[in-house]
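# Structural characterization, general
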Amino acid sequence: MSRLAETVHRVIKAYDVRGLVGDEIDDSFVGGVGAAFARLMRDEGARRVVIGYDMRDSSPGLAEAFAAGVRSQGLDVVRIGLASTDQLYFASGLLDCPGAMFTASHNPAAYNGIKLCRAGAKPVGAETGLRVISADLIAGVASYDGQPGSVSDQDVLGDYGAFLRSLVDTSKLRPLRVAVDAGNGMAGHTTPAVLGAIDWITLVPLYFELDGSFPNHEANPLDAANLVDLQACVLDCGADIGLAFDGDADRCFVVDERGQSVSPSTVTSLVASRELGREIGATIIHNLITSRAVPELVTERGGTALRSRVGHSYIKAMMADTGAIFGGEHSAHYYFRDFWGADSGMLAALYVLAALGEQDRPLSELTADYHRYESSGEINFTVGDASQCTEAVLKSFGSRIHSIDHLDGVTVDLGDGSWFNLRSSNTEPLLRLNAEGRTTEDVEAVVAQISAEITAVAAPDGAAP
């Protein structure tokens, strides 16, 4: 296998492109991806591609190399410059053209990547284009004998902010103090444009300076360690709510007035309830790791709950196929039919702020209405053989297993209100565990048993995996 083929197989993943800058991702490689993407889109009738990038030092240069690849295939390029991922999706919908966003999301500064979409923010994943692009790269992208495309610049930030605000009625809400941790990521760019224009919101900004080296903490709020500063800020300034965004600001995490995290499943239930209130009987999508409280609530409110595998390309495809009004994931990705079926952390934040502002209770009491089970959160294990570890875990539970399904990894129902999912990451060399139960003790027992089995297989000498 050639070095290029090895790189392609390593960095073009199930639903995006992601790798180490210099070693795996460089100008030559992304230029080829741009040409292969443009060739695919041109064959489907596209005439231009919109490109945005995040605050990483490598992003502007990589975006330009990709643009050169696109133009070499005869397609025009529209550059929107610095953007959040959902701002790029907005531009794709507004301009009705394919898009490319340069970001490695929550990954450390050494990484970068590309999220691709068709016109109207429709996803491009392994089954819907990435495999074709991979094959084209390995074979060598055929040259185009026509004229190269043009390049232009368009600022869509103001339109993006106005559009999001038009989707949620915030005209008659009580004043709220809102602490926002941008993690030195793109929320520092988009929050003022969206929330800063709302009179009843008093923003308390934290780490709004764009800095792809992430000097304060990683821009990954899924890791509880990266919420500590926001939790302290909420308590110190007496905020009604805290919001934390990842590096490309497409995910939003919520902290209540006590400094306690609100689970993404609870946020999914809250937003789903509001969406079902305006469209009775609508379809709501949740991935297989969200709390079982989500489908329970959807059914109780007269909606139809559909279950998806993990990953934005899968849930977006299901949104399009079913006409679902809303979808939510355990990782704090939230998808909206009114936003071209794409995910927007900022739009989810607006829904939560509207729910909080239209009544007088604190956020902790409001969200308690949607919390039914205890969960482990996502626990990651670095292992050499994920299949062997999973087999050992299943064997250890033996007759306790009520049912198993294989939609994404293995989801095991223990029949007593407890369940767990083990799946290999699509973007990192990890085995991921999520568990849920009726009590904290139930969850801790399941996690302890699984951890012991994985440790025994992955590190038989007793060292931690």
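Criteria and thresholds
- Residues numbered from 1 in each chain as written.
- Predicted model: local features only at pLDDT ≥ 70, side-chain atom pairs only at ≥ 80, totals over all residues.
- Heavy atoms only, no water.
- Domains from an automatic or database assignment.
- Contact = heavy atoms within 4.5 Å.
- Buried area = accessible area lost by both parts, 1.4 Å probe.
- Salt bridge = Lys/Arg side-chain N within 4 Å of Asp/Glu carboxyl O.
- Polar contact = N/O pair within 3.5 Å; in protein donor to acceptor, adjacent residues only side chain to side chain.
- Nonpolar A, V, L, I, M, F, W, Y, C, P; charged D, E, K, R; others polar.
- Patch = residues over 30% accessible without salt bridge, like charges linked within 9 Å, V, L, I, M, F, W, Y side chains within 5 Å.
- Areas by Shrake-Rupley, 256 points an atom, 1.4 Å probe, with all protein chains shown as cover.
- Lys, Arg positive; Asp, Glu negative; His and termini not counted.
- Charge placed at Lys NZ, Arg CZ, Asp CG, Glu CD.
- Helix = DSSP H or I, 4+ residues; strand = E, 2+ residues; numbered from the N terminus.
- Buried < 20%, exposed > 50% of the residue type's maximum accessible area, 1.4 Å probe, protein only.
- Core = buried A, V, L, I, M, F, W, Y, C linked by side-chain atoms within 4.5 Å.
- Arc of directions from axis to C-beta.
- Pairing = 2+ DSSP bridges.
- Axes fitted to C-alpha atoms, helices over the stretch in contact; angles between N-to-C directions.
- Phe/Tyr/Trp six-rings, centres within 6.5 Å; stacked < 30°, edge-to-face > 60°.
- Lys NZ or Arg CZ within 6 Å of the ring centre and 35° of its normal.

Here we take up the domain arrangement of the protein. Along its sequence, the protein is organised into domain 1 (5-154), domain 2 (159-260), domain 3 (264-344 + 362-369) and domain 4 (374-458). If you average the C-alpha positions of domain 3 and of domain 4, the two centres end up 24 Å apart. At the interface, ten residues of domain 3 touch twelve residues of domain 4. Carbon and sulfur atoms supply 48% of the area buried between domain 3 and domain 4, which totals about 1000 Å² over both sides. It is Leu288, Ile289 and Arg292 that lose the most area in domain 3 upon contact with domain 4, and together they represent 49% of the buried surface on that side. Put simply, domain 3 and domain 4 have three salt bridges between them. Taking the shortest distance from any N to any O, the salt bridge between Asp408 and Arg309 comes out at 4.0 Å. Taken together, domain 3 and domain 4 are joined by six residue pairs in polar contact (both at pLDDT 80 or more). A class-by-class count of the residues in the side of domain 3 that touches domain 4 yields three nonpolar, four polar and three charged.

Right, let's get into a negative patch on the surface. On the surface, Asp416, Glu441, Asp442 and Glu444 cluster together into a patch of negative charge. Here Asp416 lies in the loop between strand S20 (410-413) and strand S21 (419-424).

Moving on: the side chain of Ser344. With respect to the helices and strands, the residue Ser344 is situated in the loop between strand S16 (334-336) and helix H12 (345-357). One polar contact links the side chain of Ser344 to the main-chain amide nitrogen of Leu347, over a distance of 3.0 Å. Here Ser344 is in contact with Asp86, Leu164, Asp250, Tyr334, Phe336 and Phe339, once residues within four sequence places are set aside.

For the rest of this paragraph, the subject is unusual backbone geometry. We note that Ala249 has phi near 60°; this positive angle belongs to a residue other than glycine. Mapped onto the elements, Ala249 comes out in the loop between strand S10 (241-245) and strand S11 (252-255). For Ala249, a relative accessible area of 1% gives the class buried. One non-glycine residue, Ala332, lies in positive phi territory at about 75°. Structurally, Ala332 is set in the loop between strand S15 (326-328) and S16.

Residues Leu195, Ile241, Leu243, Phe245, Phe336 and Leu353 are the most contacted members of the largest nonpolar core, which totals 84 residues. Residue contributions to this core peak at eleven residues, all from H12. When neighbours within four sequence positions are excluded, Phe336 is seen to be in contact with Val271, Glu275, Met319, Ile325, Phe326, Gly341, Ala342, Ser344, Leu347, Ala348 and Tyr351. The next biggest cluster of nonpolar side chains, apart from the first, holds 32 residues, and it includes Ala36, Phe37, Ala65 and Leu130.

Residues Ala5, Thr7, Val8 and Val11 constitute the buried set of helix H1 (residues 3-11). Down the axis of H1, the buried set is contained in an arc of 160°. They therefore lie on one face. More than 90 degrees from the buried face of H1, the exposed residues found are Arg3 and His9.

Overall, mixed pairing links the five strands, which are arranged S9-S8-S10-S11-S12 in an open sheet. One side of each edge strand has no neighbouring strand; the edge strands of this open sheet are strand S9 (201-206) and strand S12 (261-262). Relative to S12, S11 is paired through two bridges, and the arrangement is antiparallel. Considered in S12, the bridge of Val255 is made with Ser261. Against the sheet, H12 engages strand S8 (176-181), S9, S10 and S11, with an angle of about 175° to S10.

With respect to the element layout, Gln154 can be found in the loop between strand S7 (151-153) and helix H6 (157-166). Between the C-alpha atoms of Gln154 and Leu203, which are 49 residues apart in sequence, the distance is 28 Å. Apart from residues lying up to four places away in sequence, Gln154 is in contact with Val78, Arg79, Ile80 and Leu95.

Before going further, it helps to spend a moment on the environment of Val447. Here Val447 shows up in helix H15 (residues 440-458). Taking C-alpha positions, Val447 is 18 Å from Ser399, a pair spaced 48 residues apart along the chain. Residue contacts for Val447: discarding those within four places in its chain leaves Ser376, Ile379, Leu433 and Ala435.

Here we come to the packing of aromatic side chains. With the rule as written, the count across this model stands at 13 aromatic pairs. Ring centres of Phe326 and Tyr334 lie 6.5 Å apart, and the angle between their planes is 10°; on these two criteria the pair is classed as stacked. This pair shows no difference in class: Phe326 is buried, exactly as Tyr334 is. An angle of 35° between the planes, with centres 5.0 Å apart, marks the rings of Phe397 and Phe420 as tilted. Note that Phe397 is positioned in helix H14 (residues 386-397) and Phe420 in strand S21, a separation of 23 residues in sequence. On the accessibility criterion, Phe397 (2% relative accessible area) is buried. Cluster of aromatic residues (ring-pair linked, three or more members): Phe90, Tyr160, Phe163, Phe339 and Trp340. The ring of Tyr314 carries the charged tip of Arg309 above its face, separated from the ring centre by 4.2 Å.

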